[in-house]
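Okay, here's what each chain looks like letter by letter:
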Amino acid sequence: MYKLVAVEDGLTNVTQALNAAGFKTTPLEGKALYNIQAVIVKGNGTDSLAPDWPIKMPVINASGRSAEEVVEVLRDRFS
């Protein structure tokens, strides 16, 4: 079963790498985070997600990482 990952706008290379690795992606902006297993952000993610979000999920900071590194971090989180 695929993992659905929300990706912040502007991370096209990360989105492409995730899709190539078998992940399904959706934009983070303007979407309810239902059925999302992880979130990829450009910064630390604290401004993108509500502080009282009731579901715990990995929030991965893509800043300073290559697209391939982000994919590896995500694979590690799910293993």
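The structure under discussion appears in the preceding block.
Residue numbers run consecutively from 1 along every chain, following the written order of its sequence. The model is predicted, so local features are restricted to residues of pLDDT at least 70 and side-chain atom pairs to those at 80 or more, both for listing and for counting; the totals for chains, interfaces and linings are taken over all residues. Excluded from the side-chain calculation are hydrogens and water; included are all heavy atoms of the structure.

## Some words on the sheet that holds strand S4 (residues 59-61)
The strands that make up a sheet pair up through hydrogen bonds in the backbone, lying either parallel or antiparallel.
No. 1: When DSSP finds two or more bridges between a pair of strands, those strands are recorded as paired. In this text, helices come from DSSP runs of H or I with a minimum length of four residues, and strands from runs of E with a minimum of two, each type numbered from the N-terminal end. Pairing within the open sheet is parallel, and its four strands lie in the order S2-S1-S3-S4. The two strands at the open ends of the sheet, each matched to only one other strand, are strand S2 (24-27) and S4. Within the sheet, the average angular offset between the axes of one strand and its neighbour, ignoring direction, is 25°.
No. 2: Bridge analysis of strand S1 (residues 4-7) against S2 gives four bridges, and the strand direction is parallel. Bridging across to S2, Leu4 finds its partner in Lys24.
No. 3: In what follows, a contact means two residues having at least one pair of non-hydrogen atoms within 4.5 Å. Lines fitted to C-alpha atoms define the axes here, with helix axes fitted over just the stretch in contact, and angles between the N-to-C directions of these axes take values from 0 to 180 degrees. Sitting on the sheet, helix H2 (residues 67-78) touches S1, strand S3 (38-41) and S4, and the angle it makes with S4 is about 155°.

## Things to note about helix H1 (residues 12-20)
No. 1: Buried residues of H1: Val14, Ala17 and Leu18, and no others. Relative to the axis of H1, the buried residues are bounded by an arc of 100° and lie together on one face. Across from the buried face of H1, at angles greater than 90 degrees, the exposed residues are Gln16 and Ala20.
No. 2: Elements that come into contact with the buried residues of H1 comprise S1, S2, S3 and H2.
No. 3: A positive phi of about 100° marks Gly22, the residue just after H1. Categorising residues by exposure relies on relative accessible area from a 1.4 Å probe, with only protein chains included: less than 20% of the type maximum marks a residue as buried, more than 50% marks it as exposed, and the intermediate range marks it as partly exposed. What the arc covers is the set of directions going from the helix axis to the C-beta atoms.

Note that all results are geometric; they support no functional claim without further evidence.
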